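For reference, the chains in residue letters:
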Amino acid sequence: MEYNFSEIEPKWQRFWREQKTYHVENNSEKPHYYVLDMFPYPSGAGLHVGHPLGYIASDIYARYKRLCGFNVLHPMGYDAYGLPAEQYAIQTGQHPAVTTEQNIKRYREQLDKIGFCFDWDREVRTCEPTYYKWTQWTFIQLFNHYYDEELQKARPISELVKKFENGDERAPEWNTMSDKEQQDLLMNYRLAYLADIPVNWCAELGTVLANDEVVNGLSVRGGYPVERKLMRQWSLRITAYAQRLVDGLEQVDWTDSLKEIQRNWIGRSEGAAVWFPLDAPTTSVDSPTSLYMGQVAPEPTPSFEIFTTRPDTIFGVTFMVLCPEHELIDQITTPEQKAEVEAYVTWAKNRSERERQAEVKKVSGVFTGAYAINPLTEEKIPIWVSDYVLAGYGTGAIMAVPAHDSRDFAFARHFNLPIRQVVALEKDAVSDPATWEESMDAKTGYSVNSGFVTGMKVKDAMKAVIDRIEELGIGHRTVNFRLRDAIFSRQRYWGEPFPIYYKNNIPYPIPEECLPLLLPDISEYKPTETGEPPLGHAEVWAWDEANRKVVSKSLIDNKNVFPLELNTMPGFAGSSGYYLRYMDPHNDKAYFSPEAVNYWQNVDLYVGGAEHASGHLIYARFWNKFLFDIGLSVKEEPFQKLVNQGMIQGRTSFVYRSKEDKNLYISKNLVKDADSVSPIRVDINIVDNDILDTERFRQWRPEFADARFELEDGKYVCGWEVEKMSKTYFNVQNPDDLVAKYGADTLRMYEMFLGPVEQAKPWDTNGIEGVFRFFKKFWRLYHNENNQFCVDDSEPSKAELKILHQTIKKVTEDIERFSFNTSVSTFMICANELASMKCNKRAVLEPLAILIAPFAPHIAEELWHLLRSDNQSVCDAKWPEFDEKNLVEDSFTYPVSFNGKMRFTLDLPANCTQDEAIAAVKAAPEAQKWMGDKEPKKIIFVPKRIINIVC
RNA sequence: GCGGAUGUGGCGUAAUUGGUAGCCGCGUUAGACUUAGGAUCUAAUUCCUCCCGGAGUGGGGGUUCGAGUCCCCCCAUCCGCACCA
């Protein structure tokens, strides 16, 4: 029989399904290993060849681990809530659940054809009530917990209430507060909280977006403008975990670049918070010094706090800047400046995020007329307002040191403010800042003109200044983060409903026993006429507190019936904890059982795209840390090792149409002048190895029906370019087509052969033939000339064993370091050598079938069953052991170099000593030729490698 | 601007981690078997060359007996962040 993949592959896929080969139990004597893929959003377009790349890599690893004796959890599911299904629903009225179901069906068919070892019994879908019940449950836990700064972990909010009741400086009047006041106060502590916050509002999408969903002022989905707007929204207090999110990166095995992206996103910076008193005529302070000695309790002096990472430059402050939103502006602006300041503030606040970002280089601002006092120099410093200071970072106020901060420098130059040098590269290298072209921002050199720190190194000066500031009680060391809390409300339909109802305008969670709070059906998926989110259309959408159930909205006037939250949760809600649910997906009593999580612990290997670095991968880490704090999750970090598969780009094919003769298409290498032709994208499915199928091209579209071609060697050669894989570029490669033409094993192997998994690369089908040829050759190793299965039970030769063990060694090492492209090469070398030796020994071919099983499970399974009479799957075989002694040689050919150049080779015993080697070199006739009568000055001998002789 | 990465034949890539650069595959060329082949097999294929050799891993310098690999300076491309004080 010839290698007939179209018969083999469905046969074994059925076998695996019927035998439940990939079913995984939560208890086993074997060591556990958890291999996870980022689950897909099932879009309407189906899979293209880029999607399975990571799945194939993780599948190979999962299969390998299993063969090595691990109990491997390798699940798959769907991130099923999302905007496209909802937008499709708005256009067609089709329920998103219906389209989502259809898309999932198609995804599953496509995935099944590739032969993955997923345990489909553990499938999760984020839109299933049995799943989102636990998303809602976690939200309630977040709502019911706060972050205890002392313990550095989440604790029940009831503990905080108890503290407040017993007297706490954070809520001195707690016991006299009304319920509403108490609840409002607690909102400042809850990990899931409701607050009026500036949000990214996207009018076009009719929803707010998280920071990572906005790029350059445009929405990631759709590219619509986004504006800042104050809205009452649910947020997650992820900032409470900022430090732990930074620290945790030390413990995980991720690439440096990915860790760096996360560190940047979290944006930790150390510095000082310093209070600058106002030079306000209203304050009755005799001498500013009396303020700072610490003993005299001064009159309450209006002052404001700034944050700086360069406390050492405090002697170079020549002005202060407040952000336009700063609350102090109204109080301090002098009457003369009032009109100007108000105009500026209004202008700044109304600027869209996009405008602001586009004009970053433009300097704008206005003087308030007020002054602050530099607490160390007692100088009077003007206070300005400018939008280059951001409200959301630090305190929204800065001390400006134009000599050593490029933004302050630009501002000072623009408004002609003084610039004073306080840092120099050398102690005496002081120059006139008026001559500078740019500020000196580097944190190197020495302090100059800086009072008591003059002459110190910058680093020491920083410490000295902070120490003094803390001594004086006018500030303290502090850490600031760029990370913002995650906005958790979406004005959408197709997402998890919040398990929240409002009584007297105070939010309450519905009782946990009543979860899930089911997403109601609605008639229209658009916002309501009054501007409420789509859930405003839901008729039966009110909470009956007494009967603990959802009832009709019309009952809201009744005593115990209250409105339910109309927002839904964002996409990252469902994807933040799914890896935990896979451990115990059918549990209806708990998110997952303690037994399950104690067995699996956390994800050992996570494979997915780097585009989730500042979204999903941060949220999931936060989510897991919270579950860890409340005792559910057992590891603080959810994903121990992370591999980012590179994006597969498209490789677009072009034909070149003559500009003179619109029906003439010129083959690529015959195009003399690029301006004389127009390149036209052509469907890659009618191009093979860059050769255009001219007949199918004529049929492709009516306008090409009369096409004529200028051919080279009778062929039309297309040009190509790397672009995004997209329908509009005709460069989408559907995996189904390749499976049909070459089989799943060839597709799997070829995707790996393309290059390192981590590397972005264009999809290029040229070359898949080579892998297909390999499989035909591989098949023939197990068959005779008449295509009959034929293996030999005799002892293998030394040479044959050497090839086998070389292959075992290399493939094992390659898989361990995720280098699958090189293992494919190793298989090819192995097959070539065995074929040329005509080796058909069982002792070689049986282990070989196991070795290739992770890569090409179908052909491996077929050969395995031909080799053995028991009905055992190759998936349950044992990974062959590598035995060094098969590789040991009696003699070894040593390359011999003179003065660094290789001159000749010498056969020596493989384990010869250095002295023996040197003696052999001296005796060799070739050596005489190179050495002449010179004595070697130096002989370098590396075991089994090189002998280098320097004369 | 800041941060991270990458740069090797016509193409995708490899190199035991400092040890004969170009493995494996595509493509190309020649040959074999064929009525035929877009099947299969064999051989060649970094470049230059007067066939003696010489040059060569983005460019320049350095360390070393020896550098694709380590160090310094440029150049190019890709990615992330971007007024974050």
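See above for the structure.
All of these numbers come straight from a predicted model, not from anything done at the bench.

Colleague: So, the overall build of chain A: which residues are in play, and what are the values?
Modeller: For chain A, the helix and strand inventory stands at 29 helices and 38 strands. With the principal axes as the frame, chain A shows a C-alpha extent of 105 × 90 × 75 Å. Taken over 951 residues, chain A has a buried fraction of 53%. Intrachain contacts of chain A at a sequence separation of at least 6 include 71% that bridge at least 24 residues. For chain A, the exposed surface amounts to about 43600 Å²; the carbon and sulfur share of it is 49%. Here chain A contributes 107 positively and 137 negatively charged side chains, and the mean placements of these two sets differ by 4 Å.

Colleague: Just give me the short version of empty space enclosed by the protein, but keep the residues and values in it.
Modeller: Applying the stated criterion across every chain yields a total of three cavities of 30 Å³ or more. Its volume calculated, the largest cavity comes out at about 70 Å³. Top element by residues in the lining of the largest cavity is helix H2 (residues 52-67). It accounts for three residues. By residue class, the composition of the lining of the largest cavity is eight nonpolar, no polar and two charged.

Colleague: I'd like to hear about the protein's contact with RNA strand B, residue by residue, with values.
Modeller: With respect to spatial proximity, 49 residues lie near RNA strand B, and among them Thr 309, Arg 407, Gln 759, Arg 773 and Asn 948 are the closest. Counting only atoms of RNA strand B within 4 Å of the protein, the sugar-phosphate share comes to 64%. Tyr 393 places a side-chain nitrogen or oxygen 2.4 Å from a phosphate oxygen of RNA strand B. Contact distances for RNA strand B include 2.3 Å between a phosphate oxygen and a side-chain N or O atom of Arg 773. Of all the secondary-structure elements, those providing two or more residues to the surface near RNA strand B are helix H9 (256-266), strand E11 (303-308), helix H23 (768-781), helix H25 (820-837), strand E37 (938-941) and strand E38 (947-950). Here the surface near RNA strand B gets six residues from one element, more than from any other, and that element is H25. For the surface near RNA strand B, the per-class residue count stands at 19 nonpolar, 16 polar and 14 charged.

Colleague: Give me the packing of H23 against H25: which residues, what numbers.
Modeller: With their axes 10 Å apart at the nearest point, H23 and H25 run at an angle of 45° to one another. Classed by the angle they form, the pair H23 and H25 counts as oblique. Considering how the two elements wind past one another, H23 and H25 form a crossing that is left-handed. Taken together, the residues of H25 that come into contact with H23 (itself represented by Gly 770, Val 771, Phe 774, Lys 777, Phe 778 and Leu 781) are Phe 827, Met 828, Ala 831, Asn 832, Leu 834 and Ala 835. Here the residues of the contact of H23 with H25 sort into nine nonpolar, two polar and one charged.

Colleague: Go over the packing of aromatic side chains, please, and point to the residues and values.
Modeller: This structure, assessed with the given rule, holds 74 aromatic pairs. Ring geometry for Tyr 3 and Phe 5: centres 6.1 Å apart, planes at 55°, overall tilted. Comparing Tyr 3 with Phe 5 shows no difference in burial state: the two are buried. With a centroid separation of 5.1 Å and an interplanar angle of 50°, the aromatic rings of Tyr 591 and Phe 592 are classed as tilted. Each member of the pair, Tyr 591 together with Phe 592, is buried. Members of the aromatic cluster, connected to one another through ring pairs, are Tyr 3, Phe 5, Tyr 742, Phe 772, Phe 774, Phe 775, Phe 778, Trp 779 and Tyr 782. Taking NZ or CZ as reference, Lys 380 lies 4.6 Å from the ring centre of Tyr 371, over its face. The residue whose ring lies beneath Lys 503 is Tyr 508, and the NZ or CZ to ring-centre distance is 5.3 Å.

Colleague: An account of the pattern of salt bridges is needed here, citing residue identities and associated values.
Modeller: In this structure the tally under the stated criterion is 51 salt bridges. Put simply, Glu 524 and Lys 526 hold a salt bridge, and the shortest N to O gap is 3.7 Å. For Glu 524, a relative accessible area of 36% translates into the label partly exposed. Among the residues examined, Lys 526 registers a relative accessible area of 41% and is labelled partly exposed. Across the pair Arg 701 and Glu 703 runs a salt bridge, and its minimum N-O distance is 3.9 Å.

Colleague: Lay out the side chain of Thr 207 in plain terms, naming residues and giving numbers.
Modeller: Looking at where Thr 207 falls in the secondary structure, it is placed in strand E6 (residues 207-209). For Thr 207, the side chain forms a polar contact with the main-chain nitrogen of Gln 491, separated by 3.0 Å. If sequence neighbours within four positions are ignored, Thr 207 has contacts with Asn 200, Trp 201, Cys 202, Arg 490, Gln 491 and Arg 492.

Colleague: Go over a positive patch on the surface, please, and point to the residues and values.
Modeller: Together, Arg 773, Lys 776, Lys 777 and Arg 780 line one region of the surface with positive charge. With respect to the helices and strands, the residue Arg 780 is situated in helix H23. When its relative accessible area of 46% is taken as the criterion, Arg 780 is described as partly exposed.

Colleague: Which residues make up unusual backbone geometry, and what are the values?
Modeller: Between Leu 515 and the following residue, Pro 516, the backbone shows a cis peptide bond with an omega angle of 0°. With respect to the element layout, Pro 516 can be found in the loop between strand E21 (506-509) and strand E22 (542-544). A positive phi angle is found at Lys 20, which is not glycine, with a value near 50°. Not every positive phi belongs to a glycine, and Gln 601 is a case in point at roughly 65°.

Colleague: Would you mind going over helix H3 (residues 83-92) in detail, with residue names and values included?
Modeller: Listed in full, the buried residues belonging to H3 are Leu 83, Ala 85, Glu 86 and Ala 89. Along the long axis of H3, the arc covered by the buried residues comes to 165°, so they all point the same way. Against the buried residues of H3 lie helix H4 (96-113). Phi for Gly 93, located one or two positions after H3, is positive at around 80°.

Colleague: Can you explain the side chain of Arg 748? Please cite residues and give values.
Modeller: Structurally, the position occupied by Arg 748 is in helix H22 (residues 744-753). Among the polar contacts made by the side chain of Arg 748, one reaches the main-chain carbonyl oxygen of Phe 855 at a distance of 2.8 Å.

Colleague: Could you give an account of the packing of helix H24 (residues 798-816) against helix H26 (residues 842-852), with specific residues and numbers?
Modeller: Remark: H24 packs on H26, axes separated minimally by 10 Å, with the N-to-C direction vectors making an angle of 15°. The angle between H24 and H26 places the two elements in the roughly parallel class. Crossing of H24 over H26 shows left-handed handedness. On H26, the residues touching Glu 800, Leu 804, Thr 807, Ile 808 and Val 811 of H24 are Ala 843, Val 844, Pro 847, Leu 848 and Leu 851. Grouping the amino acids of the contact of H24 with H26 by side-chain chemistry returns eight nonpolar, one polar and one charged.

Colleague: Could you give an account of the sheet that holds strand E12 (residues 319-322), with specific residues and numbers?
Modeller: Strand order in the open sheet formed by four strands is E13-E14-E12-E15, with mixed pairing between adjacent strands. Both edges of this open sheet fall to strand E13 (366-373) and strand E15 (397-400), since each of them pairs with a single strand only. Across the sheet, the axes of successive neighbouring strands diverge by a mean angle of 30°, strand direction being ignored. Of the strand pairs in this sheet, E12 and strand E14 (residues 380-385) are connected by three bridges, and their pairing is parallel. Counterpart to Val 321 in the pairing with E14 is Trp 384. Sheet strands touched by helix H12 (residues 335-350): E13 and E14. Its angle to E13, the strand with the most contacts, is close to 110°.

Criteria and cut-off values
Along each chain, the written sequence defines residue order, and numbers are assigned to residues from 1. Naming scheme: in the order in which they are written, chains are lettered from A and ligands are numbered from 1. Given that the model is predicted, a residue must reach a pLDDT of at least 70 before its local features are reported, and side-chain atom pairs must reach 80 or more before they are shown or counted; all residues, however, enter totals for whole chains, interfaces and linings. Note that water and hydrogens are dropped before the side-chain values are worked out from all heavy atoms of the structure. Secondary structure is summarised from DSSP: a helix means a run of H or I of at least four residues, a strand means a run of E of at least two, and numbering begins at the N terminus for each. To sort residues, take the accessible area from a 1.4 Å probe on protein chains only and compare it with the maximum for the residue type: under 20% means buried, over 50% means exposed, and anything in between is partly exposed. The contact criterion used is simple: two residues touch if any of their non-hydrogen atoms lie within 4.5 Å. To measure how exposed things are, a 1.4 Å probe is used in the Shrake-Rupley method; for residues, cover is taken only from the protein chains shown. Two residue types count as positive, namely Lys and Arg, and two as negative, namely Asp and Glu; His and chain ends fall outside the count. In plain terms, the charge of a residue is placed at NZ if it is Lys, CZ if Arg, CG if Asp and CD if Glu. Using a 1 Å grid laid over the protein atoms alone, points where a 1.4 Å probe fits but cannot get out form a cavity; open sets with protein on both sides within 12 Å along at least 5 of 7 lines form a pocket; any residue with an atom within 4 Å of a point counts as lining. Grid points are joined across faces, edges and corners, and a volume is the space filled by probe spheres set on the points. Lys, Arg, Asp and Glu make up the charged group, whereas Ala, Val, Leu, Ile, Met, Phe, Trp, Tyr, Cys and Pro make up the nonpolar group; the residues left over, Gly among them, are polar. Near, as used in this document, describes a residue that has one of its heavy atoms within 4 Å of the molecule or strand being considered. We define a polar contact as two N or O atoms separated by no more than 3.5 Å, with the added condition that, inside protein, one atom must be a possible hydrogen donor and the other a possible acceptor, whereas residues neighbouring each other in sequence contribute only through side-chain atom pairs. Each axis is a line fitted through C-alpha atoms, taken for helices only over the stretch in contact, and angles between the N-to-C directions span 0 to 180 degrees. With respect to orientation, any angle under 35 degrees is reported as roughly parallel, any angle over 145 as roughly antiparallel, any angle of 65 to 115 as roughly perpendicular, and every other angle as oblique. Helix crossings get a hand from a simple test, with the near helix turned counterclockwise from the far one by less than a right angle marking a left-handed crossing and a clockwise turn marking a right-handed one. Side-chain rings of Phe, Tyr and Trp (the six-membered ring for Trp) are treated as a pair once their centres are within 6.5 Å; stacked means planes under 30 degrees apart, edge-to-face means over 60, and tilted covers the remaining angles. Put simply, a charge is over a ring when the Lys NZ or the Arg CZ is close to the ring centre, within 6 Å, and near the line of the ring normal, within 35 degrees. Just to be clear on terms, a salt bridge is a Lys or Arg side-chain nitrogen sitting within 4 Å of an Asp or Glu carboxyl oxygen. Patches here are clusters of residues that have more than 30% relative accessible area and form no salt bridge, with a 9 Å joining cutoff for like charges and a 5 Å cutoff for nonpolar side chains (Val, Leu, Ile, Met, Phe, Trp, Tyr). As used here, the arc is the angular range of directions from the helix axis to the C-beta atoms. Whether two strands pair depends on DSSP finding at least two bridges between them.

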